[in-house]
There are 2 protein chains.
Amino acid sequence: MASASTQGSELENLIRLLAKLPGLGPRSARRAVLYLIKRKESLMLPLAQALEAAAEHVAPCRVCGNLDTANPCQLCSDPRRDRALVCVVEDVSDLWALERAGAYRGLYHVLGGVLSALDGVGPEDLNIASLVERVRGGEIKEVILATNATVDGQTTAHYIMDRLAQTNVAVSQLAHGVPVGGELDYLDEGTLAAALKSRRPF
Amino acid sequence: MASASTQGSELENLIRLLAKLPGLGPRSARRAVLYLIKRKESLMLPLAQALEAAAEHVAPCRVCGNLDTANPCQLCSDPRRDRALVCVVEDVSDLWALERAGAYRGLYHVLGGVLSALDGVGPEDLNIASLVERVRGGEIKEVILATNATVDGQTTAHYIMDRLAQTNVAVSQLAHGVPVGGELDYLDEGTLAAALKSRRPF
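**Description of the sheet that holds strand 5 (residues 142–145) of chain B**
All names here are of chain B. Here we have four strands laid out as an open sheet, ordered 4-3-5-6, and parallel in their pairing. This sheet does not close on itself; its edge strands, each paired only once, are strand 4 (106–110) and strand 6 (170–173). Adjacent strand axes in the sheet meet at a mean angle of 25°, parallel and antiparallel pairs treated alike. Two strands pair when backbone bridges link them, and strand 3 (residues 82–89) and strand 4 are joined in this way by five bridges, in the parallel orientation. Its bridge partner lying in strand 4, valine 88 is registered against histidine 109. Against the sheet, helix 5 (residues 129–136) makes contact with strand 3, strand 4 and strand 5, and its axis sits at roughly 150° relative to strand 4, the strand it touches most.

**Concerning the interface of chain B and chain A**
Listed as interface residues are 53 residues of chain B and, on the opposing side, 54 residues of chain A. Across the chain B/chain A interface, buried area totals approximately 5,300 Å², and carbon plus sulfur atoms make up 71% of it. Across the contact surface, chain B and chain A share two salt bridges. In this structure, the salt-bridge partner of aspartate 91 of chain A is lysine 38 of chain B, at a minimum N-O distance of 3.4 Å. Counting across the chain B and chain A interface gives eight residue pairs in polar contact (both at pLDDT 80 or more). Listed by contribution, the elements that provide at least two residues to the side of chain B that touches chain A are helix 1 (2–18), helix 2 (26–37), helix 3 (40–57), strand 2 (67–68) and helix 4 (92–101) of chain B. The element best represented in the side of chain B that touches chain A is helix 3 of chain B, accounting for 14 residues.

**Focus: the pairing of strand 3 (residues 82–89) of chain A**
Residues and elements named next belong to chain A. Note that the unit made of strand 3, helix 4 (residues 92–101) and strand 4 (residues 106–110) has a crossover that is right-handed. In the sheet, strand 3 pairs with strand 5 (residues 142–145) via four bridges, with the strands oriented parallel. Bridge pairing in strand 5 places cysteine 87 opposite isoleucine 144.

**Some thoughts on the packing of aromatic side chains**
All names here are of chain A. For the coordinates displayed, the defined rule picks out two aromatic pairs over all chains. Note on tyrosine 104 and tyrosine 108: the rings are 5.1 Å apart at their centroids and 65° apart in plane angle, and the pair reads as edge-to-face. Neither tyrosine 104 nor tyrosine 108 differs from the other in exposure class; each is buried. When the ring centre of tyrosine 35 is taken as origin, the NZ or CZ atom of arginine 39, which lies over that ring, is 3.6 Å away.

**Regarding the confidence of the model for chain A**
All names here are of chain A. Looking at chain A as a whole, the pLDDT averages 91, with 96% of positions reaching at least 70. Of all the helices and strands in chain A, helix 1 (residues 2–18) carries the lowest mean pLDDT, 76, while strand 4 carries the highest, 97. Here residues 1–5 is a poorly scored stretch, pLDDT under 50, and it has five contacts once near neighbours within four places are set aside; other chains count. Interface confidence for the predicted complex, given as ipTM, is 0.83, next to a pTM of 0.81.

**Quick notes on the sheet that holds strand 6 (residues 170–173) of chain A**
Residues and elements named next belong to chain A. On the basis of which strands lie adjacent, the open sheet formed by four strands has the order 4-3-5-6 and parallel pairing. The open sheet has two edge strands, strand 4 and strand 6, and neither has a second partner. Direction aside, neighbouring strands of the sheet carry axes that sit 25° apart on average. Examined bridge by bridge, strand 5 and strand 6 share four bridges and lie parallel to one another. By the bridge assignment, isoleucine 144 is partnered in strand 6 with serine 172. Where helix 5 (residues 129–136) meets the sheet, its contacts fall on strand 3, strand 4 and strand 5, and the angle it forms with strand 4 comes to roughly 150°. The sheet contacts of helix 6 (residues 151–164) involve strand 3, strand 5 and strand 6, and relative to strand 5 the element is tilted by about 165°.

**Some remarks on the domain arrangement of chain A**
By the assigned domains, chain A splits into domain 1 (4–57) and domain 2 (67–173). For domain 1 of chain A versus domain 2 of chain A, the separation of C-alpha centres amounts to 35 Å.

**Some remarks on the side chain of serine 116 of chain B**
Within the element layout of this structure, serine 116 of chain B appears in the loop between strand 4 and helix 5. In contact with serine 116 of chain B, not counting residues within four places along its chain, are Val121 and Asp152 of chain B.

**A few points about a negative patch on the surface**
A grouping of Glu52 and Glu56 of chain A together with Glu52 and Glu56 of chain B is seen on the molecular surface, where their side chains present a negatively charged patch. Elements represented by at least two residues in the negative patch include exactly helix 3 (40–57) of chain A together with helix 3 of chain B. With respect to the helices and strands, the residue glutamate 56 of chain A is situated in helix 3. Note on glutamate 56 of chain A: relative accessible area 60%, which makes it exposed.

Procedures and definitions
Residues numbered from 1 in each chain as written. Chains lettered and ligands numbered in written order. Predicted model: local features only at pLDDT ≥ 70, side-chain atom pairs only at ≥ 80, totals over all residues. Heavy atoms only, no water. Pairing = 2+ DSSP bridges. Helix = DSSP H or I, 4+ residues; strand = E, 2+ residues; numbered from the N terminus. Axes fitted to C-alpha atoms, helices over the stretch in contact; angles between N-to-C directions. Contact = heavy atoms within 4.5 Å. Buried area = accessible area lost by both parts, 1.4 Å probe. Salt bridge = Lys/Arg side-chain N within 4 Å of Asp/Glu carboxyl O. Polar contact = N/O pair within 3.5 Å; in protein donor to acceptor, adjacent residues only side chain to side chain. Right-handed = clockwise from strand over helix to strand, strands pointing away. Phe/Tyr/Trp six-rings, centres within 6.5 Å; stacked < 30°, edge-to-face > 60°. Buried < 20%, exposed > 50% of the residue type's maximum accessible area, 1.4 Å probe, protein only. Lys NZ or Arg CZ within 6 Å of the ring centre and 35° of its normal. pLDDT = per-residue confidence, 0-100. Domains from an automatic or database assignment. Patch = residues over 30% accessible without salt bridge, like charges linked within 9 Å, V, L, I, M, F, W, Y side chains within 5 Å. Areas by Shrake-Rupley, 256 points an atom, 1.4 Å probe, with all protein chains shown as cover. Lys, Arg positive; Asp, Glu negative; His and termini not counted. Charge placed at Lys NZ, Arg CZ, Asp CG, Glu CD.

Structure representation (C-alpha cells):
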C-alpha cells in the first residue's frame, strides 16, 4: 500500500515481474530495478529488446527440443556433428553444460523433464515417443542416457532403456566416479562405491 | 565459442545482459532465461514491456530525487505529507525502506550516494546543494539525516550538518540502538555502547 504510492505503478509492476525470476526475490528485484534505472540506455532498453527478440524468435527444435532461432536447430543441422550418436538429456540447461564441456560432437535429445510419480509427470509428458521414433529412423547407432544421477533421473533412464530394447540401438550411460578435482573425503558413499566398482588399470 | 553456436545469438545476448544484473551471474542468468522461455506470454513479454515502460516514464523527481513517473513525485505533491520535515537518505532504496516501515509522513531528499574519498565522490557529485536550497526556501523546519550508519554515511551526515549550520533549521539523526528482535549476544560493541549511552527510563 505504502510502496504502491511511493514507487509508482510502473516500477511496482517491474519489481513484481522481476521478483518472479528464479534466484531473485522482492529485495533483489528492487535492487536490480534501481541498477537498471541508472543504466537505461546501456542495459535497461537493450534488455527489453533482447527479451522481446528471444520471445519472438526462439523456439524448441522440432527434432531434438533444443532452444534456437533456427528450426531444426543449429546442432541438428550441423554437418560436422556425428549423426549416429544421440545424447538424451533432461533439460536444455544440461545440453548447454555438455556443450560448454566441448567433449561431445554427436546430436542431442531433450526430454523436457524427468518421470516423477510425485509431480505427476508420466512418459507422455516427456519427449520420449519422439526419441523412439528418431531411433526407429535407423540413422542412430548409439543412445547415451545423460539424465541426472538422481532417483528420478535414473528411473527415467531405465524407462527409456526399456522402450529402446525393441530397437537394436546401443544404449550407454555417463560414467559415475570421482569428479575431477574432487576430494575423496567430501564424496558420498554412493559415488565412492561406484568409483571403486568402475576402477580402471592405471 | 561452443556456447555461441549452441544457444543462438538471441539467447546468448539475453543471457549476457541478464547476467549484468546485481545478484545474477552467468549460471543464474541461464536458469532465468530457460524459465522465461517457458513463460513467454505470462512473464517474458510482460517483463519486456515493463522494462520499456519504466525506462521511458520513470525519472528522478526534480525536487527530492525519488524515482517516479510523476515529476515532482507523488510524495512531494501529496498534500497529506508534512512539508516541514525532510528526511535525507543516501539512495532511493533507503526511501523505499522507510516508506515500507510506514512510520514517516514527511518529505524526502535523496542524495544519490555518499561522500567517499576512496571512490572519488565529492559534495558536488551528490544532491547536497539542492538540499541547502530547499532548506533556504524556508518551509522546512527539521532535517532528519538518515544516511547509513557506516563511516561514509556518517561522514556525509556531518558534512551536511556543517552546510546546514548557517540556516536555522533543526537537524536530527536516526537513533542508534538494539534492533527490534535483536539479541545482545549477536550485536557489535559499537551498537551496544550506543544503546547504553542513549538508554531511556523504563
